[in-house]
Amino acid sequence: MNIELHEIAVRDLVAGYEDKGDEGVVGYGGKLDIRPGCAAYKIASSYMDGSPIRQDYLETALRWIGNGADPRFYMALHQHDPNANPLWLYFQQVVNWAKATFPVVRAPMKKVPWGLLYNKFAEVPQDPKALEARVAKLVADSDVQKKSGIWEYVLDGDERHLGIRAFDDNTRLEAYERQHGICPLCSTHFELSQMEADHITPWRDGGRTVPANCQMLCKDCNRRKGAK
Ligand SMILES: [Zn+2]
(Lines give C-alpha, C1' and ligand atoms only; values in the text may rest on other atoms or scores of the structure.)
Protein backbone atom coordinates (compact mmCIF):
# COMPACT_ATOMS: atom_id res chain seq x y z
CA MET A 1 0.00 0.00 0.00
CA ASN A 2 1.34 3.37 -0.96
CA ILE A 3 0.77 5.88 1.80
CA GLU A 4 1.10 9.57 1.14
CA LEU A 5 2.06 10.58 4.64
CA HIS A 6 1.42 14.27 4.26
CA GLU A 7 -2.21 13.59 3.45
CA ILE A 8 -2.88 11.40 6.44
CA ALA A 9 -3.74 12.71 9.85
CA VAL A 10 -3.37 10.72 13.02
CA ARG A 11 -7.15 10.60 13.25
CA ASP A 12 -7.27 8.60 10.01
CA LEU A 13 -4.85 6.01 11.30
CA VAL A 14 -6.01 5.40 14.83
CA ALA A 15 -8.74 2.80 14.74
CA GLY A 16 -11.77 4.20 16.48
CA TYR A 17 -10.34 7.69 16.69
CA GLU A 18 -13.01 9.91 18.04
CA ASP A 19 -12.74 13.54 19.00
CA LYS A 20 -15.33 14.19 21.67
CA GLY A 21 -14.66 17.88 21.97
CA ASP A 22 -14.32 18.98 25.55
CA GLU A 23 -14.35 15.39 26.73
CA GLY A 24 -11.19 14.67 24.78
CA VAL A 25 -9.96 12.21 22.22
CA VAL A 26 -10.50 8.48 22.28
CA GLY A 27 -8.65 6.09 20.02
CA TYR A 28 -8.24 2.38 19.54
CA GLY A 29 -11.71 1.78 20.83
CA GLY A 30 -10.94 3.60 24.04
CA LYS A 31 -7.70 1.73 24.74
CA LEU A 32 -5.64 4.83 24.17
CA ASP A 33 -7.78 7.23 26.06
CA ILE A 34 -6.57 10.80 26.06
CA ARG A 35 -8.86 12.94 28.17
CA PRO A 36 -8.58 15.23 31.17
CA GLY A 37 -8.53 12.89 34.10
CA CYS A 38 -7.46 9.97 31.93
CA ALA A 39 -4.51 7.80 32.89
CA ALA A 40 -2.08 9.51 30.50
CA TYR A 41 -2.99 12.94 31.83
CA LYS A 42 -2.76 11.85 35.45
CA ILE A 43 0.74 10.45 35.16
CA ALA A 44 2.23 12.98 32.76
CA SER A 45 0.65 16.41 33.13
CA SER A 46 3.59 17.89 35.07
CA TYR A 47 6.05 16.65 32.47
CA MET A 48 4.18 17.34 29.24
CA ASP A 49 2.91 20.33 27.35
CA GLY A 50 -0.20 20.41 25.23
CA SER A 51 -3.85 19.89 25.78
CA PRO A 52 -5.03 16.48 26.91
CA ILE A 53 -8.39 17.12 25.29
CA ARG A 54 -6.88 17.27 21.84
CA GLN A 55 -4.45 14.83 20.27
CA ASP A 56 -1.35 16.62 21.60
CA TYR A 57 -0.37 13.86 24.04
CA LEU A 58 -0.93 11.17 21.47
CA GLU A 59 1.15 12.97 18.86
CA THR A 60 3.94 13.59 21.35
CA ALA A 61 3.98 9.93 22.40
CA LEU A 62 4.09 8.88 18.75
CA ARG A 63 6.92 11.28 18.05
CA TRP A 64 8.88 9.92 21.00
CA ILE A 65 8.40 6.26 20.18
CA GLY A 66 9.43 7.03 16.59
CA ASN A 67 12.57 8.74 17.90
CA GLY A 68 11.53 12.14 16.57
CA ALA A 69 10.07 11.01 13.26
CA ASP A 70 6.75 12.29 11.96
CA PRO A 71 4.06 10.59 14.12
CA ARG A 72 2.38 9.34 10.98
CA PHE A 73 5.26 6.95 10.28
CA TYR A 74 4.58 5.02 13.47
CA MET A 75 0.86 5.04 12.79
CA ALA A 76 1.36 3.85 9.24
CA LEU A 77 3.45 0.94 10.47
CA HIS A 78 1.05 0.00 13.26
CA GLN A 79 -2.34 0.85 11.84
CA HIS A 80 -3.39 -2.80 11.80
CA ASP A 81 -2.23 -3.62 15.33
CA PRO A 82 -5.07 -4.93 17.50
CA ASN A 83 -4.42 -2.28 20.14
CA ALA A 84 -2.05 0.45 21.26
CA ASN A 85 -0.66 -1.38 24.29
CA PRO A 86 3.00 -1.13 23.18
CA LEU A 87 2.62 2.64 22.78
CA TRP A 88 0.85 2.97 26.12
CA LEU A 89 3.48 0.86 27.92
CA TYR A 90 6.27 2.83 26.30
CA PHE A 91 4.62 6.09 27.31
CA GLN A 92 4.38 4.97 30.93
CA GLN A 93 8.02 3.89 30.93
CA VAL A 94 9.10 7.27 29.61
CA VAL A 95 7.14 9.17 32.24
CA ASN A 96 8.27 6.87 35.05
CA TRP A 97 11.88 7.25 33.97
CA ALA A 98 11.56 11.06 33.81
CA LYS A 99 10.01 11.14 37.30
CA ALA A 100 12.61 8.82 38.79
CA THR A 101 15.50 10.72 37.22
CA PHE A 102 14.19 14.25 37.80
CA PRO A 103 11.68 14.09 40.68
CA VAL A 104 11.63 17.83 41.30
CA VAL A 105 8.97 19.37 39.06
CA ARG A 106 9.62 22.73 37.41
CA ALA A 107 7.50 24.52 34.80
CA PRO A 108 9.95 24.30 31.84
CA MET A 109 10.01 20.50 32.12
CA LYS A 110 6.83 20.38 30.09
CA LYS A 111 8.84 21.32 27.01
CA VAL A 112 11.49 18.61 27.43
CA PRO A 113 11.37 15.82 24.79
CA TRP A 114 11.38 13.13 27.50
CA GLY A 115 10.88 10.24 25.12
CA LEU A 116 13.92 11.13 23.04
CA LEU A 117 16.01 11.37 26.21
CA TYR A 118 14.58 8.07 27.44
CA ASN A 119 15.47 6.40 24.12
CA LYS A 120 19.07 7.55 24.54
CA PHE A 121 19.71 7.43 28.28
CA ALA A 122 17.34 4.95 29.91
CA GLU A 123 20.08 2.32 30.12
CA VAL A 124 22.61 4.70 31.66
CA PRO A 125 22.48 4.76 35.48
CA GLN A 126 21.88 8.29 36.77
CA ASP A 127 22.26 9.94 40.16
CA PRO A 128 19.05 11.98 40.67
CA LYS A 129 20.52 13.96 43.58
CA ALA A 130 23.59 15.02 41.62
CA LEU A 131 21.42 15.86 38.61
CA GLU A 132 19.07 17.94 40.76
CA ALA A 133 21.99 19.94 42.14
CA ARG A 134 23.14 20.77 38.61
CA VAL A 135 19.61 21.55 37.40
CA ALA A 136 18.96 23.89 40.34
CA LYS A 137 22.17 25.81 39.63
CA LEU A 138 21.37 26.16 35.92
CA VAL A 139 17.77 27.26 36.54
CA ALA A 140 19.16 30.13 38.65
CA ASP A 141 21.85 31.05 36.09
CA SER A 142 20.79 34.19 34.21
CA ASP A 143 23.15 33.31 31.33
CA VAL A 144 21.03 30.22 30.66
CA GLN A 145 18.25 31.64 28.53
CA LYS A 146 16.61 28.47 27.31
CA LYS A 147 15.63 26.90 30.60
CA SER A 148 13.80 23.99 28.98
CA GLY A 149 17.16 22.81 27.56
CA ILE A 150 18.64 22.24 31.02
CA TRP A 151 17.44 18.64 31.38
CA GLU A 152 18.88 17.64 28.01
CA TYR A 153 22.13 19.44 28.83
CA VAL A 154 22.75 17.67 32.15
CA LEU A 155 22.38 14.35 30.34
CA ASP A 156 24.28 14.93 27.10
CA GLY A 157 26.51 17.92 27.94
CA ASP A 158 25.68 19.86 24.77
CA GLU A 159 25.69 23.57 25.63
CA ARG A 160 23.61 24.43 22.58
CA HIS A 161 20.52 23.27 24.49
CA LEU A 162 20.97 26.14 26.95
CA GLY A 163 20.90 29.20 24.68
CA ILE A 164 23.79 30.78 26.60
CA ARG A 165 23.31 34.54 26.61
CA ALA A 166 25.21 36.21 23.76
CA PHE A 167 27.19 39.44 24.07
CA ASP A 168 25.17 42.44 22.94
CA ASP A 169 26.22 44.80 20.12
CA ASN A 170 27.66 47.47 22.43
CA THR A 171 29.81 44.97 24.29
CA ARG A 172 31.08 43.58 20.98
CA LEU A 173 31.90 47.03 19.65
CA GLU A 174 33.67 48.04 22.88
CA ALA A 175 35.82 44.89 22.84
CA TYR A 176 36.63 45.51 19.17
CA GLU A 177 37.81 49.05 19.97
CA ARG A 178 39.89 47.90 22.95
CA GLN A 179 41.66 45.40 20.67
CA HIS A 180 42.03 47.98 17.86
CA GLY A 181 40.43 45.46 15.55
CA ILE A 182 43.15 42.89 16.10
CA CYS A 183 42.36 39.24 16.77
CA PRO A 184 44.34 38.36 19.91
CA LEU A 185 44.96 34.79 18.80
CA CYS A 186 46.41 35.33 15.30
CA SER A 187 47.41 39.03 15.69
CA THR A 188 45.71 39.94 12.41
CA HIS A 189 43.45 42.96 11.80
CA PHE A 190 39.85 42.32 10.80
CA GLU A 191 36.69 44.33 10.22
CA LEU A 192 34.10 44.04 12.99
CA SER A 193 31.82 42.10 10.65
CA GLN A 194 34.53 39.49 10.18
CA MET A 195 34.82 38.80 13.90
CA GLU A 196 32.79 36.96 16.51
CA ALA A 197 32.36 37.55 20.23
CA ASP A 198 33.98 34.98 22.49
CA HIS A 199 33.83 34.25 26.22
CA ILE A 200 37.49 34.60 27.32
CA THR A 201 36.80 32.18 30.16
CA PRO A 202 34.34 29.69 28.64
CA TRP A 203 30.88 29.60 30.20
CA ARG A 204 31.35 25.95 31.25
CA ASP A 205 34.41 27.02 33.28
CA GLY A 206 32.44 29.69 35.09
CA GLY A 207 32.95 32.58 32.64
CA ARG A 208 30.02 34.99 32.60
CA THR A 209 28.44 36.95 29.74
CA VAL A 210 29.83 40.27 31.03
CA PRO A 211 31.92 42.90 29.17
CA ALA A 212 35.13 41.99 31.03
CA ASN A 213 34.85 38.42 29.73
CA CYS A 214 34.32 39.45 26.08
CA GLN A 215 36.87 39.38 23.31
CA MET A 216 36.44 39.53 19.57
CA LEU A 217 38.07 36.71 17.60
CA CYS A 218 38.32 36.22 13.85
CA LYS A 219 35.96 33.51 12.67
CA ASP A 220 38.73 30.97 12.08
CA CYS A 221 40.26 31.42 15.53
CA ASN A 222 36.84 31.32 17.17
CA ARG A 223 36.05 28.06 15.44
CA ARG A 224 39.38 26.56 16.47
CA LYS A 225 38.88 27.67 20.06
CA GLY A 226 35.34 26.30 20.09
CA ALA A 227 36.55 22.92 18.82
CA LYS A 228 38.89 22.44 21.79
ZN1 LIG B 1 42.34 35.09 14.57
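Just so you know, these numbers come straight off a predicted model, no measurement behind them. Residue numbers run consecutively from 1 along every chain, following the written order of its sequence. Predicted model: local features are reported for residues with pLDDT of at least 70 only, side-chain atom pairs are reported and counted for 80 or more only, and whole-chain, interface and lining totals are derived from all residues.

This brings us to the overall build of the chain. The secondary structure listing takes helices from DSSP runs of H or I that are at least 4 residues long and strands from runs of E that are at least 2 residues long, numbered from the N terminus. Scanning the chain for helices and strands turns up ten helices and five strands. Buried means a residue has 20 or more other C-beta atoms within 10 Å of its own C-beta, exposed means 12 or fewer, and partly exposed covers the counts in between; C-beta atoms are placed from the backbone. Put simply, the chain has 228 residues, and 25% of those count as buried. Contact between two residues is assigned whenever their backbone-derived C-beta positions fall within 7 Å. Put simply, of all contacts in the chain between residues at least 6 apart along the chain, 52% involve residues at least 24 apart.

Here the phi dihedral of Asn-67 falls at roughly 55°; this positive angle occurs in a residue that is not glycine. In this fold, Asn-67 is placed in the loop between α3 (56–65) and α4 (71–78). The exposure class assigned to Asn-67 is exposed, which follows from the 12 C-beta atoms found within 10 Å.

Attention now moves to the pairing of strand β4 (residues 195–199). The element β4 is extensively covered by neighbouring structure, given that four of its five residues are classed as buried. Sheet topology places β4 next to strand β5 (residues 214–218); five bridges connect them, and they run antiparallel. Bridging from a neighbouring strand, Ala-197 pairs with Met-216 of β5. Two strands are said to pair when DSSP picks up at least two bridges between them.

We now examine the environment of Ser-46. Inspection of the secondary structure puts Ser-46 in the loop between α2 (39–44) and α3. It is 7.5 Å that separates the C-alpha atoms of Ser-46 and Met-109, two residues lying 63 residues apart in sequence. Beyond its immediate stretch of four places on either side in the chain, Ser-46 contacts Val-105 and Met-109.

As a further point, take the nonpolar core. By definition, a nonpolar core groups buried Ala, Val, Leu, Ile, Met, Phe, Trp, Tyr and Cys residues that connect through C-beta atoms lying within 7 Å of each other. If you look at the biggest cluster of nonpolar residues, it comprises 28 residues, and the most contacted ones within it are Ala-61, Phe-91, Val-94, Trp-114, Ile-150 and Trp-151. Of all the secondary structure elements, the ones that give two or more residues to this core are α2, α3, α4, α5 (85–101), α6 (114–121) and α8 (150–156). Each domain span listed reflects an automatic or database assignment of domains. Per-domain counts for this core show at least three residues from each of domain 1 (8–100) and domain 2 (102–161). If sequence neighbours within four positions are ignored, Val-94 has contacts with Trp-64, Trp-114, Gly-115 and Tyr-118.

Right, let's get into the confidence of the model for the chain. Residue-level confidence of the predictor is summarised by pLDDT, bounded by 0 at the bottom and 100 at the top. Confidence along the chain averages 85 in pLDDT terms, with 80% of residues attaining 70 or more. Counted against residues more than four places away or in other chains, residues 1–8, with its pLDDT under 50, gives eight contacts.

Burial in α3 covers these residues: Tyr-57, Leu-58, Thr-60, Ala-61, Leu-62 and Trp-64. One or two positions beyond α3, positive phi appears at Asn-67, with a value near 55°.

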